[in-house]
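Observations on the three-dimensional arrangement
Chain residues, written in single-letter form:
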Amino acid sequence: METVIEVRSLFYTYPGGIVALKNINLDVYRGEKLAILGSNGAGKSTLIKHFNGLLKPQKGCVKVFGIDTRKASVAELSKKVGIVFQNPYHQFFSEKVWDEVAFALKNFGYSEETIRYRVTKVLRLFDLYDYADKSPFELSSGEMRRLAIASVLAYDPEVVVLDEPTVGQDRIQKEKLREYIKLLSLQNKTVILVTHDIEFVTEGFDRIVVMSNGTILGEGSPKEVLYDEELLEKANLMLPQISKIPMRTNNSIILEKRPLTDDELLSLILGILGVRK
Amino acid sequence: MESLYEMFIFRKEDRFLNNIDPRVKFLTLIILMTPVFLTLNPLFYIALFMFLLFQTFMFANSRRIFFSLKGIVKLLAMFFIVIYIFNAYPNFLNLEAAYLSFISIFRFFLLVYMFTLFFTTTYIDDLAQALYKLKIPYPIAYALVLSVRFVPTVAKDIIHIYDAQRSRGLELDRGGFFERLRKMLPILIPAFVISILRVNFVAEALETRAFGFSPKRTFMTELKLRKHDIVYIFLTFTYILVTHNLIEGKIPFLTWM
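Thresholds applied
- Along every chain, residues carry numbers that run from 1 in the direction the sequence is written.
- Numbering of ligands from 1 and lettering of chains from A proceed in the order in which they are written.
- Reporting in this predicted model follows two pLDDT cut-offs: at least 70 for local features of residues, and 80 or more for side-chain atom pairs to be given and counted; totals over whole chains, interfaces and linings ignore these cut-offs and use all residues.
- Put simply, DSSP H or I for four residues or longer makes a helix, DSSP E for two residues or longer makes a strand, and each gets a number counted from the N terminus.
- With C-beta atoms placed from the backbone, a residue is labelled by how many other C-beta atoms lie within 10 Å of its own: buried for 20 or more, exposed for 12 or fewer, partly exposed between the two.
- Note on contacts: residues are paired as contacts if their backbone-placed C-beta atoms lie within 7 Å.
- Radius of gyration: C-alpha atoms only; globule rule: 2.2 Å multiplied by the number of residues to the exponent 0.38.
- Only Asp, Glu, Lys and Arg are considered charged in this grouping, and only Ala, Val, Leu, Ile, Met, Phe, Trp, Tyr, Cys and Pro are considered nonpolar; every other residue, Gly among them, is considered polar.
- Simply put, an axis is a line fit to the C-alpha atoms, just over the touching stretch for a helix, and the angle between two N-to-C directions goes from 0 to 180 degrees.
- Roughly parallel refers to an angle under 35 degrees, roughly antiparallel to one over 145, roughly perpendicular to one between 65 and 115, and oblique to any angle outside these ranges.
- By convention the crossing between two helices is left-handed if the near helix lies anticlockwise of the far one by an angle smaller than a right angle, and right-handed if it lies clockwise.
- Each nonpolar core comprises buried Ala, Val, Leu, Ile, Met, Phe, Trp, Tyr and Cys residues, the members being joined through C-beta atoms within 7 Å.

**Things to note about the overall build of chain B**
On a plain count of helices and strands, chain B comes out with 11 helices and 0 strands. With respect to the three principal axes, the spread of C-alpha positions in chain B is 55 × 55 × 30 Å. Put simply, chain B has 257 residues, and 25% of those count as buried. For chain B, the proportion of contacts with a sequence separation of at least 24, taken over those separated by at least 6, is 79%.

Below, the structure is given as structure tokens:
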């Protein structure tokens, strides 16, 4: 598999003396859906700011598509790695939704025709086309979140990083977000999601990296990580609901399969009970 | 912006200066500031600078304070150039003008250093209590303190906004003067919007907790003068008196006589 982001022995200390990252080693592969999981202050956001050069490594090295981030500008790297930040209010400034989406495209020097085409496409994709002439501040929180994602996807980065996208979102919005991540994956984008919402990462991710106190505690497939109570406890996280039930049953068949969705769990239980679904 | 954030954000630290009563620190600040305005003697400025350095290394988080000060280096250089141009005009190779400009900048730097030391080591709620105990009505004291408290928050917001816009290809360091000025809009507009929204949230939060209902106010932990506060202010006062007297040959606080 092709590595798109390569992090080697990365250290970062904030000016106030807070050590945010300690010896981080990570590879992100093309087309994968990676979740970086950790409680507040684990260093997740600091890590992703290295992916488009907002922060430069103080020690160690970060390579994005083979380019050392110390040798490239944020604008150059952002064309390849688009970051959707946690708070949409931190980026909206235009009078119209349309202009907000077009902003990055203009900065990257695309032609008027391309801008028109891409903005239309992405607004339609995110069900925002009808709001094109509205102010971004008039949108609901779910729509704002969608607009923030749309404004990054408009310039078609190969890697999309979502920083805590589930904060303040209700169940329906979260499910919609999951659909958008699937959609990105279908377009062969690499998706990196940073979150402390353990319930959200139970479905739809290829790999989970667990961070705590600026270090990577462990990584693996969702089935490995989300059933590793010890690892999650070390990271100040709790098991998701879906793995709590099988852990309580202590049933070897269920524990071997490690279900992560309601359907998987239900069919296992029914199988054990000898009931056909 | 990061240095502004570091200057005004309070981190609970168990260091000597952090544990000094804010009233005493405020009084000390006045004691230190007064002779700066009364003299132009560079030797005295150096003595004052040494005293501040001593406090920084011995009694405070030196790393944090120097980082906060680092943010004003460019500003100082800019001020120096402007002051020099005014002082030297029309003869631009002028040693006396350079000397006068240097003294002005040194004076400004000392004042910034003193305020940095004060704000990085003072818990803002203690400051509110200190002002209240100095008979300033609590709503006014709290409003003053609130404006200081939100400096790091706004600074943090601006850092986030700057990061978000740079991630969308905004390059502030490219283009001519007016182009750069225009590029500030994507930073300033979200900063204003967030600040206005926050003001609203704070006002609602204060009202729902009956802020201003009673003019009398009690505090969970009362500020009390302790022995080390007295020692600190006494040593500061003595140092200023002695150094000023040695260098200038007079007592600083009586120079107007």
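**Observations concerning the overall build of chain A**
A count of helices and strands for chain A gives 11 helices and 10 strands. Computed over its C-alpha atoms, the radius of gyration of chain A comes to 20 Å, within 12% of the 19 Å expected for a compact globule of 277 residues. Sequence-distant contacts in chain A: of pairs separated by 6 or more residues, those separated by 24 or more amount to 62%.

**Here's the deal with the interface of chain B and chain A**
Contacts between the two partners involve 23 residues from chain B and, on the opposite side, 23 residues from chain A. Elements with a contribution of two residues or more to the side of chain B that touches chain A: helix H1 (2-8), helix H4 (62-70), helix H8 (138-167) and helix H10 (185-208) of chain B. Across the side of chain B that touches chain A, the residue classes tally to 10 nonpolar, 4 polar and 9 charged.

**Considerations on the packing of helix H3 (residues 97-107) of chain A against helix H4 (residues 112-125) of chain A**
All names here are of chain A. Following both chains from N to C, one finds H3 and H4 inclined at 130°, their axes separated by 10 Å at the closest point. One element, H3, and the other, H4, form an angle in the oblique class. Seen along the crossing, H3 lies across H4 with a hand that is right-handed. On the side of H3, the interface is formed by Trp 98, Val 101, Ala 102, Leu 105 and Lys 106, while H4 contributes Ile 115, Arg 118, Val 119, Val 122 and Leu 123. Grouping the constituent residues of the contact of H3 with H4 by class yields 8 nonpolar, no polar and 2 charged.

**Side note on the nonpolar core**
Membership of the largest hydrophobic core comes to 88 residues, with the highest contact counts inside it found for A:Ile36, A:Leu37, A:Val101, A:Ala150, A:Ala154, A:Val161 and A:Ile192. Broken down by element, the residue count for this core peaks at 7 residues, all from H3(A). Ranked by size, the runner-up nonpolar core spans 8 residues in total, among them B:Leu17, B:Ile20, B:Tyr113 and B:Tyr232.

Such coordinate-based values are descriptive only and should not be taken to indicate function.
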